[in-house]
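Tertiary structure, described
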Amino acid sequence: MAAQERELRDALAKLEPKIRRAFEEAIARAALSVSQAELAALIKARQIEDAVQLLRLDQSLFWPLHEAIRGGYVIGGNLGGKIAPRGLSGWFGFNGRHPRAEAWVQENGAQLIQGITEEGGESTRRVIASGLAEGRSSLAVAREITGKKVGKRRVGGYLGLTSQQAESILSGRSKLASGNPDLMRAYLQLKLRDKRFDGSILKAIREGRAINGKQLDRIMEAHRSRALGYRGKVIAKHQARQALAAGREEGIEQLRDNPEVETITARWQHNRSLEPRLDHQAMHGTVIEAGQHFEFPDGTRMRRPHDEGAPARHTIGCNCMVIYRVRLRRD
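Residues numbered from 1 in each chain as written. Predicted model: local features only at pLDDT ≥ 70, side-chain atom pairs only at ≥ 80, totals over all residues. Heavy atoms only, no water.

Let's talk about the overall build of the protein
The helix and strand inventory of the protein stands at 13 helices and seven strands. Dimensions along the principal axes, computed over C-alpha positions, put the protein at roughly 80 × 40 × 35 Å. The proportion of buried residues among the 331 residues of the protein is 47%. Sequence-distant contacts, at least 24 apart, represent 72% of the contacts inside the protein between residues at least 6 apart. Total accessible area on the protein is roughly 17,000 Å²; 49% of this is exposed by carbon and sulfur atoms. Between the mean site of the 55 positive side-chain charges and the mean site of the 39 negative ones, the protein shows a separation of 7 Å. (Helix = DSSP H or I, 4+ residues; strand = E, 2+ residues; numbered from the N terminus. Buried < 20%, exposed > 50% of the residue type's maximum accessible area, 1.4 Å probe, protein only. Contact = heavy atoms within 4.5 Å. Areas by Shrake-Rupley, 256 points an atom, 1.4 Å probe, with all protein chains shown as cover. Lys, Arg positive; Asp, Glu negative; His and termini not counted. Charge placed at Lys NZ, Arg CZ, Asp CG, Glu CD.)

Right under this line is the structure:
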């Protein structure tokens, strides 16, 4: 059992950074592909939906991300060979081209990209509406959305952020520009702000002035960069765990096809987390036959941790894993 846990942790340590880099590179390429002048013209003409369509992320940009996740799935599947008893280890070879495997990779990738694209559209609408309401120039709003040009990249834009992140940053901008000391101090409670600017914000509060102009732009630009980095980490953590768990499950299904296998059991293992779920803790040690479902008090049924069919409250940020045990026929 310890060996399975160690192998999974080693795989996660390598896979998470790879997925995160692929996500960040996709957003960076998307930002460069947008014409700021064309975007600004659409904003100026109040053609909001056309602006949203201009900013829709091309699926081809996410191919490296898709492939990184596929790689994690295959790694998970190959771990099935190490779970197999010695008598089967030479027989087992994970088939990443199995229809079930290909269907999972395709469907999961499509859902992820669709989610990123839909969140981006909602974020764009909010940013444009806020900019127009404040009377800011269409070019300034366009530059905020796509980011500032630094070398061959654009950084600090809204592309790739969730609508919730965008709303928090827009609200933070209003707080700093208000000149209200209480609202400005409230900005300093936002976790994803760039703390390097805290000193200048506190200085402005002491002097009784608002923050605006280029100083405000720099603060919010840095805030957006940190928010994008955080989202990349969240996506990488979730997708890495989900891909490895789903790949292992498929590997086990393929292993069960061998007539020498009598049963394969799955034991839920709860691992430490900053905010442990009590129901996941209670599930620790529960054993079922692989392919069946773990049943939770709230009615949720999961084949394994990170089951993509389960509600987000059971999957996002979860560090649980399943430990498999294979038993061969004795006749």
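Re the packing of aromatic side chains
Tallied over the entire structure, the rule returns four aromatic pairs. Between Tyr73 and Trp104 the ring centres are 4.8 Å apart and the planes differ by 20 degrees, which places this aromatic pair in the stacked class. Pair noted here: Tyr73 is in helix α4 (residues 63-78) and Trp104 is in helix α7 (residues 99-133), with a separation of 31 residues, a long-range link. Residue Tyr73 is classed as buried on the basis of its relative accessible area, which comes to 3%. (Phe/Tyr/Trp six-rings, centres within 6.5 Å; stacked < 30°, edge-to-face > 60°.)

A short note on the confidence of the model for the protein
Of the residues in the protein, 98% reach a pLDDT of 70 or more, and the chain-wide mean stands at 92. Here helix α6 (residues 86-89) stands out as the element of the protein with the lowest mean pLDDT, 66, in contrast to helix α10 (residues 181-187), whose mean of 98 is the highest. (pLDDT = per-residue confidence, 0-100.)

Observations concerning the pattern of salt bridges
Any two side chains of opposite charge can pair, on the condition that their charged atoms come close. On inspection of all chains with the given rule, the structure shows 27 salt bridges. A salt bridge links Arg20 to Glu24; the nearest nitrogen and oxygen atoms lie 3.2 Å apart. One end of the pair, Arg20, and the other, Glu24, are both in helix α1 (residues 2-33), four residues apart, so they sit about a helical turn from each other. For Arg20, a relative accessible area of 30% translates into the label partly exposed. Note that Arg303 and Glu249 form a salt bridge whose closest N and O atoms lie 2.7 Å from each other. (Salt bridge = Lys/Arg side-chain N within 4 Å of Asp/Glu carboxyl O.)

Re the packing of α7 against helix α12 (residues 213-256)
Here α7 crosses α12 at 165 degrees, and the two axes come no closer than 11 Å. Of the possible angle classes, the one that applies to α7 and α12 is roughly antiparallel. α12 is crossed by α7, and the crossing has right-handed handedness. Only Arg231, Ile235, Gln239, Gln242, Ala243, Ala246, Glu250, Glu253 and Gln254 of α12 make contact with α7, whose side of the interface consists of Arg100, Ala101, Trp104, Asn108, Leu112, Ile116 and Glu119. (Axes fitted to C-alpha atoms, helices over the stretch in contact; angles between N-to-C directions. Parallel < 35°, antiparallel > 145°, perpendicular 65-115°, else oblique. Left-handed = near helix turned anticlockwise from the far one by under 90°.)

Looking at unusual backbone geometry
The phi dihedral of Arg46 is positive, around 60 degrees, even though this residue is not glycine. Backbone geometry at His306 places phi at a positive 70 degrees, although glycine is not the residue there. Summarising the element assignment, His306 is placed in the loop between β6 (301-302) and β7 (321-328).

Remarks on the side chain of Arg267
Along the chain, the position of Arg267 falls in strand β3 (residues 261-269). For Arg267, which is buried and forms no salt bridge, the nearest opposite charge comes from Glu5, at a distance of 6.9 Å. One polar contact links Arg267 to Gln269, side chain to side chain, over a distance of 3.2 Å. (Polar contact = N/O pair within 3.5 Å; in protein donor to acceptor, adjacent residues only side chain to side chain.)

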